[in-house]
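# Notes for the structure review
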Amino acid sequence: MPDAPLELLERVEEIASKYAVVTDRENRVPDEALGELVGAGAFNAAGLGPLGIVQVVRSISRHSPGMAHVVLVHSTSVFASGLGSVDGIVAFSMTEPGGGSDVLGNLKTTARERDGSAVIRGEKLFTSNAPYARYFLVLAKGPEGPTLYLAERDESIQVEPLDLLGLRGTGSSRVVYNDTPARRVGEPGRGLREALNGINMGRLGYAAIALGIIDASLEEIVRHASSKIVFGKRLIDYQGLRWRIAELAMEREALEALVYSTARAAEAEGRVDPLKAAVAKNLGASAAQKAAWTATQALGGRGLQRWSRMERLSRDARVLDIGEGSREVLLDFIASRIVKALQGGSG
């Protein structure tokens, strides 16, 4: 599948720049912004494919990772469930009040099935896109075990938005399902495996958010340091800063190569490699945090101003270590895969 069209990437970045501050301040993507993103084709997940998704997410993240997250969650929900195109934004409802890392151990939401339909009852936390969604993709205990269901918004769904430090505007919410009508969209008993396919796409998307933050950080460093005079010469001409720029650029090149090659492989295989997604997410979080704080340091007091671009992106970069699987959980997963492979090779 070809790369996302350049005009699409330019358009979504323009929209993100226009609405980034109000999204962060109000912790909600304005309806006008969502309308413009829909009109631009940002939510056309089925048509974009994994590579197009990460490119669109990266472009939006240069200004508003929270807004990019809305597109990402919709896209991963469609990717995980095989819905194809849908006439509305999709929210992904998976995490329970007991925690998100041990999905099976904490899964309490239930689905009663009858005559091809289902009724869902339970509570979910950190359901992204909930205030904007027409549809809710829900992981629940069905008759044969964890299964994915699709519910359409109605009065039986209660949404309570959460006020988070970073990635503001994602619509992360507490959602209660009070005997909500739904239909099964996944294979009975295989909901966790299907959800993990979406989560792996989400982890790759988090790495794309990291790329956007690095892009923006380098842009801010060069723009500010090229005009600031310190002790008689431009800040950009000091070797210490130039070496930091070089390090960030090298890390960006390596991360981009990993993310894009993994996305291309996913288009051919229909699934995202879980090991590469985990590696990309952790590498991306580290690189984005380093880039954001380097830019904040280079900007000095300007980088600390509330609601400024780098102040927002510094908060957002920190969240990348937590969402879609914490750094420590992914490190354990990566280590287990590597150890297993090496033990098998030596045996």
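Since the structure is predicted, the reported quantities are computational estimates derived from the model, not experimental observations.

## Here we look at the overall build of the protein
For the protein, the helix and strand inventory stands at 10 helices and 9 strands. Here the C-alpha radius of gyration of the protein, 21 Å, is about what a compact globule of 347 residues would show, namely 20 Å. Once the C-alpha set of the protein is aligned to its principal axes, its extents read approximately 80 × 60 × 40 Å. Across the 347 residues that make up the protein, the buried fraction comes to 54%. Long-range pairs, those at least 24 residues apart, make up 74% of the contacts in the protein with a sequence separation of at least 6. Just so you have it, the protein exposes about 15,300 Å², and 53% of that area is on carbon and sulfur atoms. Taking the average location of the 42 positive side-chain charges in the protein and that of its 42 negative ones, the two points are 4 Å from each other.

## Let's talk about the packing of aromatic side chains
Across all of its chains, the model carries 1 aromatic pair by this definition. A ring pair is formed by Phe-136 and Tyr-177, whose centres lie 6.2 Å apart and whose planes are at 85°; its orientation type is edge-to-face. Within this pair, whereas Phe-136 is found in strand β4 (residues 135-142), its partner Tyr-177 is found in strand β7 (residues 173-184), the two being separated by 41 residues in sequence. When sorted by exposure, Phe-136 lands in the same class as Tyr-177, which is buried.

## Things to note about the environment of Ile-199
Mapped onto the elements, Ile-199 comes out in helix α6 (residues 191-227). Taking the C-alpha atoms as reference points, Ile-199 and Ala-277, separated by 78 residues in sequence, lie 9.2 Å from one another. The residues contacting Ile-199, other than those within four sequence positions of it, are Met-94 and Glu-324.

## A word on unusual backbone geometry
Despite not being glycine, Phe-231 has its phi angle at roughly 50°, a positive value. By secondary structure assignment, the location of Phe-231 is in the loop between β8 (229-230) and β9 (233-234). Assessed through its relative accessible area of 81%, Phe-231 is described here as exposed. Positive phi, normally seen in glycine, also occurs at Glu-324, with a value near 55°. Looking at where Glu-324 falls in the secondary structure, it is placed in the loop between α9 (309-319) and α10 (327-346). Look at Glu-324 and you get partly exposed, because its relative accessible area is 22%.

## A closer look at the pattern of salt bridges
Tallying each qualifying case throughout the model produces 32 salt bridges. When the shortest N-O distance is used, the salt bridge between Glu-113 and Arg-184 registers 3.3 Å. Residue Glu-113 is located in strand β2 (residues 110-114), and its partner Arg-184 is located in strand β7; the two are separated by 71 residues in the primary sequence. In this structure, Arg-309 engages Glu-219 in a salt bridge whose closest nitrogen and oxygen atoms are separated by 2.9 Å. Of this pair, Arg-309 sits in helix α9 while Glu-219 sits in helix α6; the two residues are 90 residues apart in sequence, bridging distant segments of the chain. With relative accessibility at 34%, the residue Glu-219 sits in the partly exposed group. One continuous salt-bridge network, built from bridges that share partners, spans Glu-13, Arg-58, Arg-62, Asp-215, Arg-252 and Glu-256.

## With respect to the layout of surface pockets
The volume enclosed by the largest pocket comes to roughly 1,300 Å³. Lining the largest pocket are 45 residues, with Thr-95, Ile-199, Gly-323, Glu-324 and Gly-325 sitting closest to its centre. Put simply, the parts of the chain that give the lining of the largest pocket at least two residues each are α4 (65-81), β1 (90-93), α5 (103-106), α6, α9 and α10. Looking at the lining of the largest pocket, its residues break down into 21 nonpolar, 17 polar and 7 charged. Taken as a whole, the second largest pocket encloses approximately 150 Å³ of empty space.

## Points about the pairing of β7
One ladder, built from 8 bridges, connects strand β3 (residues 117-127) with β7; its direction is antiparallel. Bridged to Glu-123 within β7 is Val-176. Sheet topology note: the strand β5 (residues 145-152)/β7 ladder contains 2 bridges and is antiparallel. In the sheet register, Tyr-149 faces β7, and the bridge partner there is Arg-184.

## Here we look at the environment of Glu-194
Looking at the secondary structure, you find Glu-194 in helix α6. Between the alpha carbons of Glu-194 and Phe-79 there is a distance of 9.3 Å; along the sequence they are 115 residues apart. Sequence-distant contacts of Glu-194, that is, excluding residues within four places in its chain, are made with Ala-80, Leu-148, Gly-186 and Glu-187.

## A closer look at the pairing of β3
Examined bridge by bridge, β2 and β3 share 5 bridges and lie antiparallel to one another. Among the inter-strand pairings, Arg-112 is bridged to a residue of β3, identified as Val-119. Joining the antiparallel neighbours β2 and β3 is a turn of 2 residues, in which Asp-115 adopts a positive phi near 55°.

## Let's talk about the nonpolar core
Residues Leu-37, Val-54, Val-56, Ile-60 and Val-259 are the most contacted members of the largest nonpolar core, which totals 68 residues. Elements with a minimum of two residues in this core: α1 (6-26), α2 (31-40), α3 (45-61), α4, α6, α7 (239-269), α8 (274-299) and α9. Discounting residues that sit within four places of it in the chain, Leu-37 has contacts with Val-12, Ile-15, Ala-42, Phe-43, Ile-60, Met-67 and Val-71. Val-78, Leu-83, Tyr-135 and Val-185 belong to the second largest nonpolar core, which has 17 residues in total.

Procedures and definitions
- Residues numbered from 1 in each chain as written.
- Predicted model: local features only at pLDDT ≥ 70, side-chain atom pairs only at ≥ 80, totals over all residues.
- Heavy atoms only, no water.
- Helix = DSSP H or I, 4+ residues; strand = E, 2+ residues; numbered from the N terminus.
- Rg over C-alpha atoms; globule rule 2.2 N^0.38 Å.
- Buried < 20%, exposed > 50% of the residue type's maximum accessible area, 1.4 Å probe, protein only.
- Contact = heavy atoms within 4.5 Å.
- Areas by Shrake-Rupley, 256 points an atom, 1.4 Å probe, with all protein chains shown as cover.
- Lys, Arg positive; Asp, Glu negative; His and termini not counted.
- Charge placed at Lys NZ, Arg CZ, Asp CG, Glu CD.
- Phe/Tyr/Trp six-rings, centres within 6.5 Å; stacked < 30°, edge-to-face > 60°.
- Salt bridge = Lys/Arg side-chain N within 4 Å of Asp/Glu carboxyl O.
- 1 Å grid on protein atoms, 1.4 Å probe; cavity = no way out; pocket = protein on both sides within 12 Å on 5 of 7 lines; lining within 4 Å.
- Points joined across faces, edges and corners; volume = space filled by probe spheres on them.
- Nonpolar A, V, L, I, M, F, W, Y, C, P; charged D, E, K, R; others polar.
- Pairing = 2+ DSSP bridges.
- Core = buried A, V, L, I, M, F, W, Y, C linked by side-chain atoms within 4.5 Å.

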